[in-house]
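# Fold and geometry: a report
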Amino acid sequence: MKLRGWRSKFIFLLIVYFSGFATAIYMLAPAPEGEVKPFAKNSASSTFNSQEFVQSFNTGMHKCLGFGKDAACRTADFIKEKLKEMRET
């Protein structure tokens, strides 16, 4: 993807910035009530399965990256279309 002009670069940086911000909000958000806490003491589920956590985290990050790439591509196409319309008029 080749960016031309400061406006395209600025839009791309905004998309990347807000994707990272949304990821941070998602990761820092509290868990819904009613779920078993993995670090609760004296419970049957007190053991923390690191492999399960890694797999879950990896899956979530791949979904997030896929969403970010898709959003960036759609935004780039939209901007190109609008620039083309502006040049034709």
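Scroll up to find the structure.
What this report covers is the structure whose coordinates are included nearby. (Residues numbered from 1 in each chain as written. Predicted model: local features only at pLDDT ≥ 70, side-chain atom pairs only at ≥ 80, totals over all residues. Heavy atoms only, no water.)

## Some remarks on the overall build of the protein chain
- Regarding its fold elements, the protein chain presents two helices and zero strands.
- By the burial criterion, 8% of the 89 residues in the protein chain qualify as buried.
- Total accessible area on the protein chain stands at roughly 8300 Å², and carbon and sulfur atoms take up 64% of it. (Helix = DSSP H or I, 4+ residues; strand = E, 2+ residues; numbered from the N terminus. Buried < 20%, exposed > 50% of the residue type's maximum accessible area, 1.4 Å probe, protein only. Areas by Shrake-Rupley, 256 points an atom, 1.4 Å probe, with all protein chains shown as cover.)

## A closer look at helix 2 (residues 50-88)
- Helix length check: helix 2 (39 residues) gives 57 Å between terminal C-alpha atoms against 57 Å at 1.5 Å per residue, within 8%.
- Every buried residue of helix 2 is listed here: G68, A71, A72 and A76. (Expected span 1.5 Å × (residues − 1).)

## Thoughts on the environment of K80
- Structurally, K80 is set in helix 2.
- Judged by its relative accessible area of 57%, K80 is exposed.
- Spatially, the C-alpha atoms of K80 and S8 are 9.3 Å apart, while their sequence positions differ by 72 residues.

## Digging into the pattern of salt bridges
- One pass over the full model with this rule turns up two salt bridges.
- When the shortest N-O distance is used, the salt bridge between D70 and R74 registers 3.2 Å. On the criterion of helical spacing, the pair formed by D70 and R74 is a turn pair, its members being four residues apart in helix 2.
- Measuring nitrogen to oxygen at the nearest pair gives 3.7 Å for the salt bridge that ties E85 to K82. A residue pair is termed a helical-turn pair when its members lie 3 or 4 positions apart in one helix, as E85 and K82 do in helix 2 at three residues.
- Take K82: its relative accessible area is 35%, and that puts it in the partly exposed class. (Salt bridge = Lys/Arg side-chain N within 4 Å of Asp/Glu carboxyl O.)

## Describing the packing of aromatic side chains
- Per the counting criterion, the structure on display carries two aromatic pairs.
- For the ring pair F53 and F57, a centre distance of 6.1 Å and an interplane angle of 25° mean the geometry is stacked. Within this pair, F53 and its partner F57 are both found in helix 2, separated by four residues, close to a single helical turn.
- By relative accessible area, which is 45% here, F53 ends up partly exposed. (Phe/Tyr/Trp six-rings, centres within 6.5 Å; stacked < 30°, edge-to-face > 60°.)

## Quick notes on the side chain of T23
- Looking at the element boundaries, T23 is found in helix 1 (residues 5-28).
- Within polar-contact distance, the side chain of T23 engages the backbone oxygen of S19 at 2.8 Å.
- Once residues lying within four places of it in the same chain are set aside, the contact partners of T23 are M61 and C64. (Polar contact = N/O pair within 3.5 Å; in protein donor to acceptor, adjacent residues only side chain to side chain. Contact = heavy atoms within 4.5 Å.)

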